[in-house]
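Each chain is listed here by its residues.
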Amino acid sequence: MNQLQFIATIAEREILRYTPAGVPIVSAVLLHSSQQTEAGVARLVEFEIAASAEDEISGRFNQAELGGTYQFTGFLARKSRNSKSLVFHLTDFENHI
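Residues numbered from 1 in each chain as written. Predicted model: local features only at pLDDT ≥ 70, side-chain atom pairs only at ≥ 80, totals over all residues. Heavy atoms only, no water.

With respect to the overall build of the protein chain
The line we're drawing: Secondary structure is summarised from DSSP: a helix means a run of H or I of at least four residues, a strand means a run of E of at least two, and numbering begins at the N terminus for each. Only protein chains enter the calculation, and the probe is 1.4 Å; a residue is then buried if its accessible area is under 20% of its type maximum, exposed if over 50%, and partly exposed in between. Whether two residues are in contact is decided by their heavy atoms, any of which lying within 4.5 Å being enough. Each accessible area is a Shrake-Rupley estimate made with a 1.4 Å probe; only the visible protein chains count as cover when residues are assessed. Asp and Glu count as negative and Lys and Arg as positive, but His and the ends of the chain are not part of the count. Here the site of a charge means NZ on Lys, CZ on Arg, CG on Asp, or CD on Glu.
Helix and strand counts for the protein chain come out as one helix and six strands. Along the protein chain, helices and strands appear, N-terminal first, in the series β-β-β-β-α-β-β. The C-alpha extent of the protein chain, read off along each of the three principal axes, is 50 × 35 × 20 Å. The 97 residues of the protein chain split such that 32% are buried. For the protein chain, restricting intrachain contacts to residue pairs at least 6 apart in sequence, the fraction spanning at least 24 positions comes to 54%. Carbon and sulfur atoms make up 50% of the accessible area of the protein chain, which totals about 6,600 Å². Of note, the protein chain has its 8 positive side-chain charges centred 10 Å away from the centre of its 11 negative side-chain charges.

This is how it looks when you write it as structure tokens:
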């Protein structure tokens, strides 16, 4: 199973564009910061991840507040067929209070 869920802030977001097939897509950068426990020790976890919202979710994501914090759900995939870089593909998100 390839499913990832975390809370993050929308740090950067590109404008809505369309693929050659006409699918709407929005690319972004998400920032995560949290305290996790590993081997009984508190650890600060921070990361930045490239994200992509495609098709129906792209419109809603495009309207989400830049700098807003949300709970994101999605999966990881290579940026392109020959790339080793990963992109987080959004399948859903909701406000995090």
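Some points on the side chain of Thr73
Operational definition: Counting of polar contacts relies on pairs of N or O atoms within 3.5 Å, with two restrictions inside protein: one atom must be capable of donating a hydrogen and the other of accepting it, and residues adjacent in sequence are counted only when both atoms are side-chain atoms.
Mapped onto the fold, Thr73 is located in strand E5 (residues 69-78). A polar contact is formed between the side chain of Thr73 and the side chain of Gln5, at a distance of 2.9 Å. Not counting the four nearest positions on each side in its chain, Thr73 is found in contact with Gln3, Leu4, Gln5, Phe88, His89, Leu90, Thr91 and Asp92.

Observations concerning the nonpolar core
In plain terms, the rule: For the purposes of this section, nonpolar cores are sets of buried Ala, Val, Leu, Ile, Met, Phe, Trp, Tyr and Cys residues that join through side-chain atoms within 4.5 Å.
Formed by 17 residues in total, the largest nonpolar core has its most connected members in Ile10, Leu30, Phe61, Phe72, Phe88, Leu90 and Phe93. Looking at this core, the elements that each hand over two or more residues are strand E1 (4-13), strand E3 (24-38), strand E4 (41-54), helix H1 (56-63), E5 and strand E6 (86-95). Once residues lying within four places of it in the same chain are set aside, the contact partners of Phe93 are Ile57, Arg60, Phe61, Ala64, Tyr70, Gln71 and Phe72.

Let's talk about unusual backbone geometry
Negative phi characterises most residues that are not glycine, and trans characterises most peptide bonds. The phi dihedral of Ala39 falls on the positive side, at around 55°, and the residue is not glycine. Along the chain, Ala39 turns up in the loop between E3 and E4. Of note, the phi angle at Asp55 is positive, near 60°, even though the residue is not glycine. Secondary-structure assignment places Asp55 in the loop between E4 and H1.

Considerations on H1
This is how it is decided: Picture the helix axis, draw a direction to every C-beta atom, and the arc is the one those directions span.
For H1, every residue scored as buried is listed here: Ile57, Ser58 and Phe61. All buried residues of H1 fall inside an arc of 105° around its axis, so they share one side. In H1, the exposed positions angled more than 90 degrees off the buried face are occupied by Glu56 and Gln63. Where H1 is buried, its residues touch E1, E3, E4, E5 and E6.

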